[in-house]
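The lines below spell out each chain.
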Amino acid sequence: MRFHLSPASSTRKWLGFVTAVWVQSISGNNYTFSNYSDALKSLMALTQLELNNLSVAKDVGKAFGILAGLASDRFPTPVILLIGSVEGLVGYGVQWLVVSQKIQPLSYWQMCIFLCMGGNSTTWMNTAILVTCIRNFRKNRGPVSGILKGYVGLSTAIFTDLCAALFDSNPATFLLLLAVVPLVVCLTAVLFLREVPPSSTSMDDKEETKFFNIFNIVAVVIAVYLLIFDVTGSHGRLLSQAFAAVLLFFLACPLCVPLYCMVQDFNRSGSKSNTDIEGLITEPLLGQNSEPEMASPAEEAEQKVEPENEPVVEVKPLRPSMGEDHTIIEAMRTVNFWILFTSFLCGVGTGLAVMNNMGQIGLALGYVDVSIFVSLTSIWGFFGRILSGSVSEYFIKKAGTPRPFWNAASQILMAVGYILMALALPGSLYVGSIVVGICYGVRLAVTVPIASELFGLKYYGLIYNLLILNLPLGSFLFSGLLAGLLYDAQATWTTGGGKTCIGSHCYRLVFVVMAFACVIGFGLDILLAIRTKKVYAKIRSSKRSKKPAAPSSSQ
């Protein structure tokens with residue numbers, strides 16, 4: 001058979017990206033705690049502080065994402081995916097056994113361990129997906145990050161709405177889905193997701209941009225579809241099943257891209273003669289050979305000077321410039337890393353506090369069903385992620401605008417959202433959920449390419465997971481301590497033995513403190529944008545001159 005799908009073919013690359021999208025669309029289980037937190041609270045007779053510390057245990061699992069980062073440089077992508085999916089099966093599977101009352105409730109510390117395992121499982125999946133895809137599409141890091149992180153945001157709504165449509169929002173069934181579905185999807189990704197050579201020609205770049213636009217359109221259609229289902233209220237059994245079937249069809253639509261590439265490869269291999277193929281092969285080789293010839297005088301000059309300047313060459317690797325590959329120690333020695341780390345803490349820490357406490361926030365303000373707020377945060381978080389990735393990439397190409405600028409804009413908008421929720425005006429929780437979702441999404445999607453652009457791709461998996469330490473740290477500070485302690489201070493004991501608080505005063509001070517933290521994060525992001533202007537000016541010039549590699553892809 002003349003048609004052969006080579007390991008470096010665009011079909012394999014895009015098929016791997018589709019499976020990556022599927023993994024991300026089911027890997028946002030860390031944001032679904034509100035959907036089953038009340039069941040755990042009543043079953044285990046927990047106070048709000050104890051419940052919040054359970055959510056912190058879930059987020060502490062991300063602290064062990066460092067292991068996934070180390071493994072990403074030593075093991076292939078399929079191994080990392082399998083580790084994450086099996087760990088999730090155990091972590092969420094045990095929680096399902098407890099909530100469904102198949103077994104007696106475990107002790108508090110045992111539940112903390114299994115929640116931690118569930119939280120850690122996503123770090124393996126996310127690391128495998130992000131590291132592989134950003135290396136495969138180095139020239140489009142913004143869109144890649146936006147699409148992948150966007151589907152993570154949608155995953156909460158996908159799980160919530162599918163469970164509501166098919167199983168009437170049963171917490172036990174929801175946990176069973178969290179345990180089983182990621183394993184099945186990861187097994188699919190294991191077959192197709194591999195690291196392949198990035199694009200090398202301007203035609204490839206244009207094709208990538210076109211295909212990413214298709215992915216964006218499909219993602220937006222899914223988000224709008226989920227939003228319509230959420231705002232239209234309760235649905236009958238038949239309509240809910242039809243909704244679930246159409247949703248699964250939309251999730252399968254991205255397959256059209258690798259199928260199109262496969263048809264192109266087949267037509268190309270069938271219609272070209274051997275001489276034509278040789279011509280196609282020799283052309284880029286000549287193009288590659290011509291580049292060294294152009295640079296050869298400079299290289300010869302360098303070779304002549306090299307023997308005289310050997311000590312300088314030895315010192316250079318000790319202090320890489322921004323945009324070059326940094327080891328984890330070299331990155332941590334820079335001021336820019338700690339500015340990024342701290343501003344990330346202010347954004348994601350406060351956002352996680354809202355998501356983890358959404359169930360209790362809604363009940364305090366008089367809402368019986370809080371699933372609508374969970375879905376709103378998820379869906380609008382998707383729009384924040386997917387738009388910020390593409391928009392920030394556009395403005396880098398257009399004007400060299402530093403990516404941290406978009407983080408700064410999200411921080412100040414998030415502060416406004418918290419003030420709105422503190423005022424507890426009619427409908428403010430709806431508006432606040434949307435604002436927090438958008439800004440949290442921007443924060444996650446934009447920080448991913450920033451880390452690779454400032455510190456390189458060689459050790460990106462480890463650096464990314466070091467930044468992700470902000471998730472458990474922020475959850476502990478803002479959710480476990482701040483929200484838990486202040487809520488319990490306002491709450492009163494109930495006849496059942498637990499503590500509860502009803503009224504706008506329950507979380508008012510929490511929102512005010514978090515708004516202040518976002519203002520601090522805004523200042524840090526502005527500072528980072530100023531400090532990295534030259535880096536993004538270089539990136540812009542490399543994109544405009546159509547250089548084959550970005551500044552940080554020197555591995």
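Residues numbered from 1 in each chain as written. Predicted model: local features only at pLDDT ≥ 70, side-chain atom pairs only at ≥ 80, totals over all residues. Heavy atoms only, no water.

A. Quick peek at the packing of helix H15 (residues 335-364) against helix H21 (residues 508-531). Two numbers describe how H15 lies on H21: the axes approach to 9 Å, and their chain directions differ by 150°. In terms of orientation, H15 lies roughly antiparallel with respect to H21. In the packing of H15 onto H21, the handedness of the crossing is left-handed. In this structure, H15 uses Val335, Asn336, Ile339, Leu340, Thr342, Ser343, Cys346, Thr350, Ala353, Val354 and Ile361 to contact H21, whose residues at the interface are Phe511, Met514, Ala517, Cys518, Gly521, Leu524, Asp525, Leu527, Leu528 and Arg531. Residue composition of the contact of H15 with H21, by class: 14 nonpolar, five polar and two charged. (Axes fitted to C-alpha atoms, helices over the stretch in contact; angles between N-to-C directions. Helix = DSSP H or I, 4+ residues; strand = E, 2+ residues; numbered from the N terminus. Parallel < 35°, antiparallel > 145°, perpendicular 65-115°, else oblique. Left-handed = near helix turned anticlockwise from the far one by under 90°. Contact = heavy atoms within 4.5 Å. Nonpolar A, V, L, I, M, F, W, Y, C, P; charged D, E, K, R; others polar.)

B. Region of interest: the nonpolar core. Core analysis: the largest hydrophobic core is formed by 148 residues, its most contacted members being Phe17, Leu81 and Tyr418. Once you skip the residues sitting within four places of it in the chain, Phe17 turns out to touch Cys133, Phe137, Val144, Ile147, Leu148, Leu193, Phe212 and Phe215. (Core = buried A, V, L, I, M, F, W, Y, C linked by side-chain atoms within 4.5 Å. Buried < 20%, exposed > 50% of the residue type's maximum accessible area, 1.4 Å probe, protein only.)

C. Molecular detail of the packing of H15 against helix H18 (residues 428-455). Following both chains from N to C, one finds H15 and H18 inclined at 150°, their axes separated by 10 Å at the closest point. For the element pair H15 / H18, the angle class is roughly antiparallel. Seen along the crossing, H15 lies across H18 with a hand that is left-handed. Across the contact of H15 with H18, the residue classes tally to 15 nonpolar, seven polar and one charged.

D. Spotlight on unusual backbone geometry. Residues other than glycine seldom take positive phi values, yet Gln101 does so here, at roughly 60°. For Gln101, the position within the fold is in the loop between helix H5 (77-99) and helix H6 (108-136). Located in the positive-phi region is Ala424, a residue other than glycine, with phi close to 55°. Following the sequence through the fold, Ala424 ends up in the loop between helix H17 (404-423) and H18.

E. Highlighting the state of the cysteines. Evaluated as defined, the whole model comprises one disulfide. Disulfide pairing places Cys501 opposite Cys506 at an S-S distance of 2.0 Å. Taking the sign of the S-S torsion, about -90° here, the bridge from Cys501 to Cys506 comes out left-handed. When sorted by exposure, Cys501 lands in the same class as Cys506, which is buried. Cysteine Cys253 remains unbridged, with the sulfur of Cys256 as its closest cysteine sulfur at 6.7 Å. Judged by relative accessible area, which is 23%, Cys253 ranks as partly exposed. (Disulfide = S-S within 2.5 Å.)

F. Looking closely at the pattern of salt bridges. For the structure shown, the criterion picks out five salt bridges. Arg135 serves as the salt-bridge partner of Glu195, at 3.6 Å between the closest nitrogen and oxygen. Residue Glu195 is located in the loop between helix H8 (171-192) and helix H9 (202-231), and its partner Arg135 is located in helix H6; the two are separated by 60 residues in the primary sequence. Notably, a salt bridge pairs Glu393 with Arg403, separated by 2.7 Å at the nearest N-O pair. Here Glu393 is found in helix H16 (residues 371-399), whereas its partner Arg403 is found in the loop between H16 and H17, with ten residues between them in sequence. We note that Glu393, like Arg403, is buried. One salt-bridge network, held together by shared partners, links Glu393, Arg403 and Glu453. (Salt bridge = Lys/Arg side-chain N within 4 Å of Asp/Glu carboxyl O.)

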